[in-house]
Amino acid sequence: MTLNYEKEGKVAIFTLNRPEALNAIDPDLLGALSKAFCDFKKDDTLEVGIITGAGQRAFSIGADIKTMLPEMKRAQNNSYVQPPTIMRGLNLWKPLIAAINGAALGGGLELALACDIRIASEKAFMGLPEVNLGIIPGWGGTQRLMRLIPQAKAAEMLLTGKPIDAREAYRIGLINKVVEPDKLMSAALDMAELIMKPAPLAVRAAKQAMVQGLNLSLESGLRLEKSLFEMLATSGDFDEGCRAMLEKRKPEFKCR
Ligand code: DAK
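For the structure given in this document, a descriptive report is provided here. Because the structure is predicted, anything quoted here is derived from the model rather than measured. (Residues numbered from 1 in each chain as written. Predicted model: local features only at pLDDT ≥ 70, side-chain atom pairs only at ≥ 80, totals over all residues. Heavy atoms only, no water.)

Sheet architecture is open: six strands sit in the order E1-E2-E3-E5-E7-E10, paired in mixed fashion. The open sheet terminates on both sides in strands that have one partner only, identified here as strand E1 (3–8) and strand E10 (177–179). Strand-to-strand, the axes of this sheet are offset by a mean angle of 20°, without reference to chain direction. With six bridges joining them, strand E2 (residues 11–16) and strand E3 (residues 48–53) adopt parallel strand pairing. Across the sheet, Ile13 pairs through a bridge with Ile50, a residue of E3. Packing against the sheet, helix H1 (residues 27–42) makes contact with E1, E2, E3 and strand E5 (96–100), and its axis sits at approximately 20° to E1. (Pairing = 2+ DSSP bridges. Helix = DSSP H or I, 4+ residues; strand = E, 2+ residues; numbered from the N terminus. Axes fitted to C-alpha atoms, helices over the stretch in contact; angles between N-to-C directions. Contact = heavy atoms within 4.5 Å.)

See below:
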């Protein structure tokens, strides 16, 4: 299987599993990712997802140059339609964490950029080298990187295609944390635990507000925030959150 999709309690773990190909994304893996994201979206028992790569060397080195890129070329004649993923075509408001265990290049970095939190091993490095192949990123890299880090740094990465190491990625705000390689998954799971403490409906609404709001004018963003707030204000979890706070106990959220 090119993707291992596992459920551990409320956490879904997506492991790109082509270590012999440095977890390059081929059509099969892209399809498996799409299916798994759709399952994660609709499975009410799951709250947070962690995406990582099998093996020591790579998170993912991007679209497989031997198989995926030729398909994309054929797509110009409409013979291949990409399945929806978090990079393009699938809105997913449950939080996602990228646990970057090694190289994250091209589509591999774009997959991580479509997550909300990025934690990297000290050995990781990342970049968008597509210009070296005569193309530009096609899974949102040009758009998400410019919105995430200082524009001068994004421009440098996009125009030169040169990768940066984990320390530099942390320094410029591309990733949240750098950890020793053998602490990566536990750091990602710790982060998932922290995200699972607050009310899940509120966490999802916060993600929706921040992601959709980025593309809106301030006025429209404030309208979006208001409508999401109003939806939460009528939830039982809001009552429970306030009661628990006043009664000095842990809240029991029911996602209602
Ligand atoms: N796909 C397939 N094989 C790859 C590959 C890739 N992306 N990158 C490297 N390889 C292969 C190499 O050919 C080599 O194969 P063998 O010779 O062993 O058969 C093997 O992986 C190991 O590579 P190296 O010999 O170069 O090993 P090193 O350790 O020296 O370097 C490296 C590993 C990963 C740092 C280096 O190979 C590298 O920089 N590779 C380039 C990675 C890259 O360019 N990634 C971007 C791919 S393009 C779109 C959506 C998405 C995209 C485009 C459009 N639309 C919706 C339109 C996305 C595009 C991309 O991601």
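This paragraph deals with the site of the ligand. Residues in close proximity to the ligand total 19 residues, the closest being Arg57, Ile61, Ala63, Ile65 and Gly107. Contact between the ligand and Ala63: an oxygen atom at 2.8 Å from a main-chain N or O atom of the residue. Considered on its own, the ligand offers 1100 Å² of accessible surface; in the complex 59% of this is hidden by protein. Tallied by class, the residues present in the shell around the ligand amount to nine nonpolar, five polar and five charged. (Near = heavy atom within 4 Å. Polar contact = N/O pair within 3.5 Å; in protein donor to acceptor, adjacent residues only side chain to side chain. Areas by Shrake-Rupley, 256 points an atom, 1.4 Å probe, with all protein chains shown as cover. Nonpolar A, V, L, I, M, F, W, Y, C, P; charged D, E, K, R; others polar.)

Let us look at the packing of helix H4 (residues 141–148) against helix H5 (residues 151–160). Interhelical geometry of H4 versus H5 gives an angle of 150° and a closest axis separation of 7 Å. Judged on the interaxial angle alone, H5 and H4 are roughly antiparallel. When the axes of H4 and H5 are compared, the crossing they make is right-handed. Contacts between H4 and H5 pair Gly141, Thr142, Leu145 and Met146 from the former with Gln151, Ala154, Ala155, Met157 and Leu158 from the latter. (Parallel < 35°, antiparallel > 145°, perpendicular 65-115°, else oblique. Left-handed = near helix turned anticlockwise from the far one by under 90°.)

Here we take up the sheet that holds strand E6 (residues 103–105). Taken together, four strands build an open sheet; the order of strands is E4-E6-E8-E9 and the sheet is mixed. Lying at the two open borders of the sheet, with one neighbouring strand each, are strand E4 (58–60) and strand E9 (164–165). Sheet topology places E6 next to strand E8 (residues 125–127); three bridges connect them, and they run parallel. Within E8, the residue paired with Leu105 across the bridge is Gly127.

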